[in-house]
Structure formats: C-alpha cells, structure tokens
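# Architecture and fold: a report
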Amino acid sequence: MSELRGSRTEAHLREAFARESQTALRYLYFAQQADIEGRPDLAALFRVIAEGETGHALAILDLLADAGDPLTNEPIGETDDNLQSAVVGERNDAELYSEFAETARTEGFTEIADWMATVVRVEQQQLTRFVEAARHTGDAEPGSTSS
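Residues numbered from 1 in each chain as written. Predicted model: local features only at pLDDT ≥ 70, side-chain atom pairs only at ≥ 80, totals over all residues. Heavy atoms only, no water.

### Examining the overall build of the chain
Rule in force here: A run of DSSP states H or I qualifies as a helix once it reaches four residues; a run of E qualifies as a strand once it reaches two. Both are numbered from the N-terminal end. Relative accessible area decides the class of each residue, using a 1.4 Å probe on protein chains only: under 20% of the type maximum gives buried, over 50% gives exposed, and in between gives partly exposed. Contacts between residues were defined by any pair of non-hydrogen atoms, one from each residue, lying within 4.5 Å. Using a 1.4 Å probe, accessible areas were evaluated by the Shrake-Rupley method; residue-level cover was limited to the displayed protein chains. Neither His nor the chain termini are counted; the positive set is Lys and Arg, and the negative set is Asp and Glu. Positions of charges follow a simple convention, taking NZ of Lys, CZ of Arg, CG of Asp or CD of Glu.
Counting its regular elements, the chain contains 4 helices and 0 strands. Going from N to C terminus, the chain has its helices and strands arranged as α-α-α-α. Expressed as a percentage of the 147 residues in the chain, the buried residues total 30%. Summarising the internal contacts of the chain: among those between residues at least 6 apart in sequence, 59% fall at separations of at least 24. For the chain, the computed accessible surface area is about 10,000 Å², with 54% contributed by carbon and sulfur atoms. When the 12 positive and 28 negative side-chain charges of the chain are each reduced to one mean point, those points stand 4 Å apart.

Given below as structure tokens:
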C-alpha cells in the first residue's frame, strides 16, 4: 500500500474532514435557530443530517489515522496517542486564540477579543485536564512532541 502521509489523497482527506466537521456544526447551529423560530420539523431535519455529517467526519478521521491527527500531526488511533494529540491540540489552540484575541483587540473588536480571551481560559483548563490524565496514564512528558 502507498504511503498516505504527504500524498494528495491525504490533503484531500484533511480537507474533507474539515468540511464534514464544519458542516455538522453548522447544521446544529441551524437546528438551534429553527428551534428558536418554532420550526421543530426543520430543526429535526438539520440534526439528523448533522449526525450523518458527523459520521462522515469520523470515517474520514479513521482513514487519516495512519497519517496523524489533521490538526496536530500527532499519531492518533490508540487512546494514549489520542490523549497526547489532545494535549498538543489544546496547547496550540490556547496560543493561537491568544493571538486571535490580541488581533481583535488591536482592530477594535473588544467584544470579540473578550470572548476569545474567555475561550483561551477554557482551552487552558482543558489542557490541564488532559495533562493530568496523561500523567495518570504514565506519560511523563505529555505534549512534548512537536506538531
């Protein structure tokens, strides 16, 4: 079998994973709006389709497992690998979102900057939880590999 990592097929799978994941969340957002508008039939439709899109994303992620996590490039598949990837991902997100908050503040989007700063705190809390879980599983240096 060919090597998936670095291939155009890997790039296509990464794009498909991002699209399916985002589509599922968009449809959940649309379902909430339909609920607010008193349209439960459409809310249910959006939720059912979102579930299908989530299934597609999970299947694509399974295909990508040999190439690594599409967000962190860390190995995934086994729970310990998944935990390591989660540590790296949360650390990366906290750093990235701090930059996003700074940019928003610089551009005068104070409300967005404040919201992003809150997200950074949540990401840091999630990181702490994953690091603690990794320590309990015996990973002495969780999140120490490069992404």
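### Structural notes on the nonpolar core
For clarity, the cut-off: Nonpolar core, defined: a set of buried Ala, Val, Leu, Ile, Met, Phe, Trp, Tyr and Cys residues in which side-chain atoms within 4.5 Å join the residues together.
One finds Leu4, Leu13, Phe17, Ala57, Ile60, Leu64 and Ala67 forming the largest nonpolar core, which totals 7 residues. Breaking this core down by element, the ones donating at least two residues are helix 1 (8–36) and helix 2 (40–64). By residue number, the principal contributor to this core is helix 2, which donates 3 residues. With near-sequence residues (within four places) excluded, phenylalanine 17 lies in contact with Ala57, Ile60, Leu61, Leu64 and Pro70.

### Thoughts on the packing of aromatic side chains
For the record, the criterion: What counts as a ring pair is set by centres within 6.5 Å for rings of Phe, Tyr and Trp (its six-membered ring), and what kind of pair is set by the plane angle: stacked under 30 degrees, edge-to-face over 60, tilted for all other angles.
Counting across every chain of the model gives 5 aromatic pairs. Counting every residue linked through ring pairs, the aromatic cluster contains Tyr27, Tyr29, Phe30 and Phe46.

### Points about helix 2
Just so we agree on the cut-off: Expected span, for any helix, means 1.5 Å times one less than how many residues it has.
Helix length check: helix 2 (25 residues) gives 36 Å between terminal C-alpha atoms against 36 Å at 1.5 Å per residue, within 8%. Taken together, the buried positions of helix 2 are Ala43, Ala50, Glu53, Ala57, Ile60 and Leu64.

### Remarks on the pattern of salt bridges
Basically, it comes down to this: For this document, the term salt bridge refers to a Lys or Arg side-chain nitrogen within 4 Å of an Asp or Glu carboxyl oxygen.
Scanning the model with the defined rule gives 4 salt bridges in all. With its nearest N and O atoms 3.0 Å apart, the salt bridge here joins arginine 14 to glutamate 10. One end of the pair, arginine 14, and the other, glutamate 10, are both in helix 1, 4 residues apart, so they sit about a helical turn from each other. The class of glutamate 10 is buried, set by a relative accessible area of 7%. With a closest N to O distance of 2.5 Å, aspartate 35 and arginine 47 form a salt bridge. Pair noted here: aspartate 35 is in helix 1 and arginine 47 is in helix 2, with a separation of 12 residues, a long-range link.

### A short note on the environment of threonine 137
Rules: Polar contacts, as used here, are pairs of N or O atoms within 3.5 Å; protein pairs need one atom able to donate a hydrogen and one able to accept it. Residues neighboring in sequence count only if both atoms are side-chain atoms.
Structurally, threonine 137 can be placed in the segment after helix 4 (110–136). When the C-alpha positions of threonine 137 and methionine 116 are compared, they lie 31 Å apart, and in sequence the two are 21 residues distant. Threonine 137 has contacts with Asp80 and Leu83, leaving out every residue within four places of it along the chain. Within the local environment of threonine 137, its side chain forms a polar contact with the backbone oxygen of alanine 134, the two atoms lying 2.8 Å apart.

### Notes on helix 4
With 27 residues, helix 4 extends 39 Å between its outermost C-alpha atoms, agreeing within 8% with the 39 Å of an ideal straight helix rising 1.5 Å per residue. At its buried positions, helix 4 is contacted by helix 3 (79–106). Looking one or two residues beyond helix 4, the residue adopting positive phi is glycine 138, at roughly 100°.

All we've got here are geometric facts, nothing functional implied.
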